[in-house]
Amino acid sequence: MADLSRSVPFDRSQFEELMKKRFFFSPSFQIYGGISGLFDYGPPGSALQTNIVDLWRKHFIIEESMLEVDCSMLTPHDVLKTSGHVDKFCDWMCKDPSTGEIFRADHLVEEVLEARLKGDKEARAKETGATNVAVQEESEDKKKRKKKVKEIKVTRLDDETVREYEFILAQIDNYDGQQLTDIMKVHDIRNPANNGELESPRQFNLMFQTQIGPSGGLQGYLRPETAQGQFLNFNRLLEFNNGKVPFASAMIGKAFRNEISPRSGLLRVREFLMGEVEHFVDPQNKEHDRFDEVAHIPLRLLPRAVQVEGKSEVVEMTIGDAVKKGVVDNTTLGYFMARISLFLEKIGIDMSRLRFRQHMSNEMAHYACDCWDAEIQCSYGWIECVGCADRSAYDLTVHSKATKTPLVVQEALPEPIVVEEYVVEVNKKKFGPRFKRDAKAVEEEMLNWTQEVKETKSAQLASQGRVTVVANGVEHEVDAELVTVEKQQRKEHTRTFTPNVIEPSFGLGRLLYCLMEHSFWARPEDTQRGVLSFPAVVAPIKALIVPLSRNAEFNPVVRKLSAKLRSLGVSNKVDDSNANIGRRYARNDELGTPFGLTVDFETLENSSITLRERDTTKQVRGSQEDIINALVALTEGKMLWKNAVEKFGEFNATQDFIFWLDTSIIQTIIAELFV
């Protein structure tokens, strides 16, 4: 990637204009007015996404020998009720009763407080005489802003209020509905458009509901994640893996979330592509056997303890040290965090703008016991792009209980062990007639007691001669003649356990957007033309083929060269338009094409061609065979550009072009100049 520090400052309006002009993405159904949160990818955007997915599959699925699956998008209500999504997959929304406008509460609080802090910053700058700087910063901010808060009031805040706002912003993801309500009341947060009062925040479920089948009797949802299909196929996956853990399944597919207020382009949408890994591991042994390969990888961490203090300073350390110090819980979680970091670096993310933030306790998903987000900084702030969660045994446990299907691992023990535990035994002859239609529910409730509950109930039976059982919300008295709860010993030759799950979850659309922002820059000498410095491995088009002119003699060479590159898996594009060669290169720099091949008159004489690199604009020249071999190595990441320059030597295009022009061509050009 180019050294973007040498380019002009990032201009989002220029970037968005390039995205539109080159059709990387655009709003769906645009000629009908469009629908917020839905986007279509054009040819370069689709190719970029495909290449990222291909690299993701190689980096994770192939490298880690994962088991790839593809599961249904339509999910029955019962599955998502069991997983907790029906009740808990919600955000907090608030409404302006006078206009009907809907806001996502935490985002509104964040934007209003950030706007007030910017206004305070400008007011303080004016007091100290730094007006020009403050106005310039404000002007740049207005260019970028596409938020609810359109205008920022220049008002000085007292120091205590500034500290309070900063503390709230540092913990914005940690607040529940009541806390958001209190913050909005205390700090008088209203509709920024009309200063209208807002209703108290209430929960809104983010899943798209639908009916499966013509009768409408089977309620379902478009899946909000790809994970559930993997959990429900656990037994088949375990069998496929010869009954052994650890192993990982993986899936790439669309997910759907009915966002309250879609915004920020591709960053908050209603339909998006995910890549999710479910790594099943023994809960008693979360050590990863390849952790030593990544222990040296440095990460920028923002632990929970730092955020609780209202701070946001990152702590830099290797993942090995982070696990040793207990900052990251276990080596499997740490291994995947390091592998995520390596993947993001490989696709071209600026590593100085990447951090791993640990979830706050209230922010944690209902299924997780620990979670770190890979957050990437872009013009919209820090954006969560990858989650790496320890989901414990939650999903397999709840689905097993709901379906009465064991989702467990059975592991042969080297030596049998004696297990002592409390066992519930029901007197079937008397139990059924006593409880009739409730018998099954009462028995199941007792059989599902934990060992701690069974011990307590055993003592009650001994002392009182009866126990109370609540089944389906009804209390039942069960006498000692109907049930016994006693401690028994038995030998076990196998160990049965429900595995825990470590889950890296990628929002591929967010990654794609952040990559495009990080890759965008403009040359100081030509600020109106953008450049996208995609790494060759993910670039939509790997090579541009440019004949020097529309001379018919170039056509067979160009066709043969393009076919040869296609046969080697190198995507390429021919630009034989009337535009000058510099313009043709420039508009393909906007597409992120990393390399260009020039066919000129020297090519016709000795079959040599030039190879141009996008970011430096430097060129090398060699035989077609040598240049093509170098190009393949460059696009596969097996050679660096500096190595190509060392091998071939830098080529001065102007001098060599003049040298190879024959006398008749020079005479023709001179004659035309003086006509």
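- In the annotation of an unreviewed UniProt entry, the entry for the protein chain reads glycine--tRNA ligase, and the organism field reads Schizosaccharomyces osmophilus.
- Its UniProt record gives the protein chain a comment under Subunit (unreviewed entry), which states: "Homodimer."
- Turning to the protein chain, the UniProt annotation filed under Sequence similarities (unreviewed entry) states: "Belongs to the class-II aminoacyl-tRNA synthetase family."

## Observations concerning the overall build of the protein chain
Link 1 in the chain: A tally of helices and strands in the protein chain yields 25 helices and 28 strands.
Link 2 in the chain: Principal-axis analysis of the C-alpha atoms places the extent of the protein chain at approximately 115 × 65 × 55 Å.
Link 3 in the chain: Counting every position in the protein chain, which comprises 675 residues, the buried fraction comes to 49%.
Link 4 in the chain: Nonlocal contacts in the protein chain, meaning residues at least 24 apart in sequence, comprise 69% of its contacts between residues at least 6 apart.
Link 5 in the chain: Here the protein chain has roughly 33700 Å² of accessible surface; of this, 50% comes from carbon and sulfur atoms.
Link 6 in the chain: Charge-centre separation for the protein chain: the mean point of 87 positive side chains lies 3 Å from the mean point of 102 negative side chains.

## Quick look at the sheet that holds strand S21 (residues 500-507)
Link 1 in the chain: Taking strand neighbours across the sheet as the criterion, the nine strands line up as S3-S10-S11-S21-S16-S15-S14-S12-S13 in an open arrangement whose pairing is mixed. Of all the strands in the sheet, the pair left with one neighbour each is strand S3 (67-68) and strand S13 (315-318).
Link 2 in the chain: The strands touched by helix H18 (residues 508-519) are strand S10 (247-256), strand S11 (271-281), strand S15 (370-378), strand S16 (381-392) and S21; relative to S15, the strand with the most contacts, the crossing angle is about 35°.

## Some points on the domain arrangement of the protein chain
Bring the parts together and some accessible area is lost; that lost area is often taken as the interface size.
Link 1 in the chain: Taken domain by domain, the protein chain holds domain 1 (22-84 + 214-395), domain 2 (91-205), domain 3 (413-493) and domain 4 (541-673).
Link 2 in the chain: Its C-alpha centre places domain 1 at a distance of 41 Å from the equivalent point of domain 4.
Link 3 in the chain: The junction of domain 1 with domain 4 conceals about 350 Å² of combined surface from both sides, 50% of it contributed by carbon and sulfur atoms.
Link 4 in the chain: When the buried surface of domain 1 facing domain 4 is broken down by residue, Arg22, Phe24 and Asn51 rank first, second and third, together holding 90% of it.
Link 5 in the chain: Summed over the shared surface of domain 1 and domain 4, the number is one salt bridge.
Link 6 in the chain: Across the pair Glu590 and Arg22 runs a salt bridge whose closest N-O atoms are separated by 2.7 Å.
Link 7 in the chain: The interface formed by domain 1 and domain 4 contains one residue pair in polar contact (both at pLDDT 80 or more).

## Quick look at the sheet that holds strand S7 (residues 202-205)
Link 1 in the chain: Spatial strand order, S6-S5-S7: three strands in an open sheet with antiparallel pairing. The two strands at the open ends of the sheet, each matched to only one other strand, are strand S6 (102-104) and S7. Strand-to-strand twist of the sheet, defined as the mean angle between neighbouring strand axes without regard to direction, takes the value 50°.
Link 2 in the chain: Strand direction decides the pairing type here: strand S5 (residues 90-95) and S7, joined by four bridges, are antiparallel. Bridging from a neighbouring strand, Cys90 pairs with Asn205 of S7.
Link 3 in the chain: Helix H5 (residues 105-127) rests against S5 and S6 of the sheet, and its axis sits at about 80° to S6.

## With respect to the environment of Asp438
Link 1 in the chain: With respect to the helices and strands, Asp438 occurs in the loop between helix H15 (428-435) and helix H16 (439-447).
Link 2 in the chain: Classification of Asp438 by relative accessible area gives partly exposed; the value is 29%.
Link 3 in the chain: Separated by 34 residues in sequence, Asp438 and Asn472 have C-alpha atoms that sit 8.9 Å apart.

Rules used in this analysis
- Residues numbered from 1 in each chain as written.
- Predicted model: local features only at pLDDT ≥ 70, side-chain atom pairs only at ≥ 80, totals over all residues.
- Heavy atoms only, no water.
- UniProt positions renumbered as here; feature names shortened; annotations may be inferred.
- Helix = DSSP H or I, 4+ residues; strand = E, 2+ residues; numbered from the N terminus.
- Buried < 20%, exposed > 50% of the residue type's maximum accessible area, 1.4 Å probe, protein only.
- Contact = heavy atoms within 4.5 Å.
- Areas by Shrake-Rupley, 256 points an atom, 1.4 Å probe, with all protein chains shown as cover.
- Lys, Arg positive; Asp, Glu negative; His and termini not counted.
- Charge placed at Lys NZ, Arg CZ, Asp CG, Glu CD.
- Pairing = 2+ DSSP bridges.
- Axes fitted to C-alpha atoms, helices over the stretch in contact; angles between N-to-C directions.
- Domains from an automatic or database assignment.
- Buried area = accessible area lost by both parts, 1.4 Å probe.
- Salt bridge = Lys/Arg side-chain N within 4 Å of Asp/Glu carboxyl O.
- Polar contact = N/O pair within 3.5 Å; in protein donor to acceptor, adjacent residues only side chain to side chain.

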